[in-house]
Amino acid sequence: MTELINLSLPEQQTREWVSSVIVKYNFCPFARKEVESNCIHYQTSGATSIDDAVMEMLEQCIELDQLPERETTLLMFEQGFTDFEEFLDLVDLANALLVAQGFEGKYQIANFHPDYVFADSDDSDAANYTNRAPFPTLHLIREASMSAALDEYNEPESIPEHNINLARRKGIDFWQALLENCKKPSM
């Protein structure tokens, strides 16, 4: 197993977040298998412009095409897109280019941000923590794998509702502390 100390800061913190938030609290019921199979690729990006970021996202799609053993990619932006609205502009362009470059139906993008706020939601709603991560992140997901996993899952439409209810039950202070704990340096 890779020691966290040898990884970039974004990779360390994102791996910790995936383990201690996403898997532990079952925000994504399919993540545990991918973590245990070591099929998640963590890519740190220094991109600060939308153009550079989407080009890197497209490169990651090409790598997913070339590496079938890689199930999914988390593309973390170390320096750019700290402003949530700018990040949403990136997400919009990334989705448009996914279609334009022929990746529609092959990959889909989930997105996470330290300041994520759902549309029509208040910043203080604990449910926002279901999409908050240590760094602005584009998650590239193989659609065929997601479809297969959803076919095997009883009532997949209940996943978001479960996550929102859990987040609100635990409260904003709980999730904020957990996210901050993911940012502590490894020893």
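Look a little higher up for the structure.
Residues numbered from 1 in each chain as written. Predicted model: local features only at pLDDT ≥ 70, side-chain atom pairs only at ≥ 80, totals over all residues. Heavy atoms only, no water.

Trainee: Before we move on, could you go through the overall build of the protein and cite the residues and values that matter?
Mentor: When helices and strands are tallied, the protein shows seven helices and four strands. For the protein, whose C-alpha radius of gyration is 16 Å, the value lies close to the compact-globule estimate of 16 Å for 187 residues. Dimensions of the protein, computed from the C-alpha atoms along their principal axes, are close to 40 × 40 × 40 Å. Considering the protein as a whole, with its 187 residues, one finds that 44% of them fall into the buried category. Partitioning the contacts of the protein with sequence separation of at least 6, the portion at a separation of at least 24 is 74%. (Helix = DSSP H or I, 4+ residues; strand = E, 2+ residues; numbered from the N terminus. Rg over C-alpha atoms; globule rule 2.2 N^0.38 Å. Buried < 20%, exposed > 50% of the residue type's maximum accessible area, 1.4 Å probe, protein only. Contact = heavy atoms within 4.5 Å.)

Trainee: Which residues make up helix H7 (residues 172-182), and what are the values?
Mentor: Of all the residues in H7, the buried ones are Trp175, Leu178, Leu179 and Cys182. An end-on view of H7 places all buried positions within 95° of arc, on one side of the element. Those residues of H7 that are buried are in contact with helix H1 (9-23) and helix H6 (158-170). (Arc of directions from axis to C-beta.)

Trainee: With reference to specific residues and values, describe the side chain of glutamate 34.
Mentor: With respect to the element layout, glutamate 34 can be found in helix H2 (residues 31-36). Residue classification places glutamate 34 among the buried positions, given a relative accessible area of 14%. Discounting residues that sit within four places of it in the chain, glutamate 34 has contacts with Cys39, Ile40 and Glu71.

Trainee: Hey, could you go over the environment of asparagine 111 for me, with residue numbers and the actual values?
Mentor: Mapped onto the elements, asparagine 111 comes out in strand E3 (residues 107-112). As a C-alpha pair, asparagine 111 and isoleucine 172 span 61 residues in sequence and 20 Å in three-dimensional space.

Trainee: So what about the environment of glutamine 79? Which residues, and what values?
Mentor: Of note, glutamine 79 is situated in the loop between strand E2 (72-77) and helix H4 (84-100). Residue glutamine 79 is classed as exposed on the basis of its relative accessible area, which comes to 53%. Taking the C-alpha atoms as reference, glutamine 79 lies 6.4 Å from threonine 48; in sequence the two are 31 residues apart.

Trainee: For the sheet that holds strand E4 (residues 137-142), give the residues involved together with the corresponding values.
Mentor: Pairing in this open sheet of four strands is mixed, and the strands run E1-E2-E4-E3 from one edge to the other. Both edges of this open sheet fall to strand E1 (40-45) and E3, since each of them pairs with a single strand only. For this sheet, the mean inter-axis angle between neighbouring strands, taken without regard to orientation, is 20°. Where E2 lies against E4, five bridges are found, and the strand directions are antiparallel. Bridge assignment links leucine 75 to a residue of E4, and that residue is leucine 138. Strands E1, E2, E3 and E4 of the sheet are contacted by helix H3 (residues 50-66), whose axis makes an angle of about 160° with E2. Along the sheet face, H4 touches E2, E3 and E4 and points at about 175° away from the line of E3. (Pairing = 2+ DSSP bridges. Axes fitted to C-alpha atoms, helices over the stretch in contact; angles between N-to-C directions.)

Trainee: Got a sec to walk through the packing of H1 against H7? Specific residues and values, please.
Mentor: Running from N to C, H1 and H7 cross one another at 140°; their axes reach a closest spacing of 8 Å. Classified by the angle their axes make, H1 and H7 are oblique. On H7, the residues that touch Gln13, Glu16, Trp17, Ser20 and Val21 of H1 are Trp175, Leu178, Leu179 and Cys182. Here the contact of H1 with H7 is built from residues that sort into six nonpolar, two polar and one charged. (Parallel < 35°, antiparallel > 145°, perpendicular 65-115°, else oblique. Nonpolar A, V, L, I, M, F, W, Y, C, P; charged D, E, K, R; others polar.)

Trainee: Requested: an account of the state of the cysteines, with residues and values cited.
Mentor: A complete count under the given rule lists zero disulfides for this structure. Residue cysteine 61 stays outside any disulfide, its sulfur separated by 17 Å from that of cysteine 39, the closest cysteine. (Disulfide = S-S within 2.5 Å.)

Trainee: Please set out the packing of H3 against H4 residue by residue, giving values where relevant.
Mentor: Following both chains from N to C, one finds H3 and H4 inclined at 45°, their axes separated by 10 Å at the closest point. It follows that H3 is oblique to H4 by the angle criterion. Where H3 crosses over H4, the handedness of that crossing is right-handed. Across the interface between the two elements, Ile50, Ala53, Val54, Met57, Leu58 and Cys61 from H3 touch Glu86, Asp89, Leu90, Leu93, Ala94, Leu97 and Leu98 from H4. (Left-handed = near helix turned anticlockwise from the far one by under 90°.)

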